[in-house]
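Single-letter residue listing:
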Amino acid sequence: MSKSIPGVLTLVEPEGDPAPVVLDSPHSGTTYPPDFGYAVPFEAIRSGWDAYIDELFASAPAHGATLLTAEFPRTYIDANRALADLDAGMLEGPWPDPFEASAKTALGKGLIWRLVGDSVQVYDRKLGVAEVQARIDRYWRPYNETLTGILDRAHRRFGGVWHLDCHSMPSVWPAGNPGGGEPVTSDFILGDRDGTTCSREFRELVREALTGMGYAVAVNDRFKGVEIVRREGRPAENRHSLQIEITRTRYMSERTFEKTDGFSILASDLDRLVAIVCDWSRQQVG
Ligand SMILES: [Zn+2]
């Protein structure tokens, strides 16, 4: 069953026997809100897109997982940032709530992105305070409150929940990271914020499954996990969140955004991965 808020999110409930597994894709949205008002070519604004991650994991509910995907682009408002991670210098007026810019805001990629790529300014104007508040209320809150709600629900029902926060990454390290401009050599990077957002067993289950399929898998290599896994992952409560990053060139052209022959192979491997995680999670709570 699918519940959606058009342009905001799609929630697909498990088919058949539910497993205590939740997947979310906060950056694969392609519905550009009419009031975005960016001042760069569309090709530039699209560069933040975790292209096709929603499609790559689309079969997850067939194994019993719940799948939440964002429909809005991360460059409009980034669902994987804290509300306080705001660049007040982008605003026309004073921000009424507390804010505390993180390193992401310093790189131009906080809650509201100032830059795309390494240095292209998204806007040629200041943003209204009410405009940013509306992005939070219409997009960020529904997405994140839905995610927290389905994790809470699974945790109540099963006594544990295992969550994959799903992303794609460029094939070259972005500026601002050590090795910026150098090629990413892994197919996947798993991030649990240095062992704090999920159990080691869960992370190793995912790592070993992917390694067994022939992929090069790194753990906590620069992409260690951001706000969603930080907020939701509480392994001491048997509530586990793991970020999974997939290198885009394994399934698409970064230049044209077209899928490559690797797409269907990867999709079928991810289908197997979700089946493994769902089977294992049922044993953990059975
Ligand atoms: Zn992402």
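The following paragraphs examine the structure supplied in this document.

For the rest of this paragraph, the subject is the overall build of the chain. Looking only at helices and strands, one finds seven helices and 10 strands in the chain. By principal-axis analysis of the C-alpha atoms, the chain measures approximately 55 × 40 × 35 Å. Evaluated residue by residue, the chain yields a buried proportion of 41% over its 286 residues. Across the chain, every contact between residues at least 6 apart in sequence was considered, and the portion connecting residues at least 24 apart equals 76%.

Let us now look at the pairing of strand 8 (residues 188-191). A regular strand carries its side chains on alternate faces of the sheet. Of the two faces of strand 8, the one lined by Phe 188 and Leu 190 and the one lined by Ile 189 and Gly 191 are each fully buried. Relative to strand 9 (residues 217-219), strand 8 runs parallel, the two being bridged by three bridges. Following the sheet pairing, Phe 188 is matched in strand 9 by Val 217. Between the parallel elements strand 8 and strand 9, the chain passes through helix 5 (residues 200-212) in a crossover that is right-handed. Here strand 8 pairs with strand 10 (residues 239-247) via four bridges, running antiparallel. Among the inter-strand pairings, Phe 188 is bridged to a residue of strand 10, identified as Ile 246.

A few words on the packing of helix 5 against helix 7 (residues 262-285). Between helix 5 and helix 7, the shortest axis-to-axis distance is 10 Å and the interhelical angle comes to 145 degrees. Between helix 5 and helix 7 the crossing geometry is right-handed. Along the contact surface, helix 5 presents Leu 205, Val 206, Ala 209 and Leu 210, while helix 7 presents Leu 273, Ile 276, Val 277 and Trp 280.

Attention now goes to the nonpolar core. The biggest cluster of nonpolar side chains holds 62 residues, and the ones touching the most others in it are Phe 57, Ala 65 and Val 206. Apart from residues lying up to four places away in sequence, Phe 57 is in contact with Leu 23, Ser 25, Leu 67, Cys 166, Leu 270 and Val 274.

Moving on: the environment of Val 172. When you line up the elements, Val 172 lands in the loop between strand 7 (161-169) and strand 8. Judged by C-beta crowding, with 16 C-beta atoms within 10 Å, Val 172 ranks as partly exposed. C-alpha of Val 172 to C-alpha of Val 184: the two residues are 12 residues apart in sequence and 5.2 Å apart in space. In this structure Val 172 touches Gly 181, Glu 182, Pro 183 and Val 184, once residues within four positions along its chain are discounted.

Calculation criteria
Residues numbered from 1 in each chain as written. Predicted model: local features only at pLDDT ≥ 70, side-chain atom pairs only at ≥ 80, totals over all residues. Helix = DSSP H or I, 4+ residues; strand = E, 2+ residues; numbered from the N terminus. Buried ≥ 20, exposed ≤ 12 C-beta atoms within 10 Å, placed from the backbone. Contact = placed C-beta atoms within 7 Å. Pairing = 2+ DSSP bridges. Right-handed = clockwise from strand over helix to strand, strands pointing away. Axes fitted to C-alpha atoms, helices over the stretch in contact; angles between N-to-C directions. Left-handed = near helix turned anticlockwise from the far one by under 90°. Core = buried A, V, L, I, M, F, W, Y, C linked by C-beta atoms within 7 Å.

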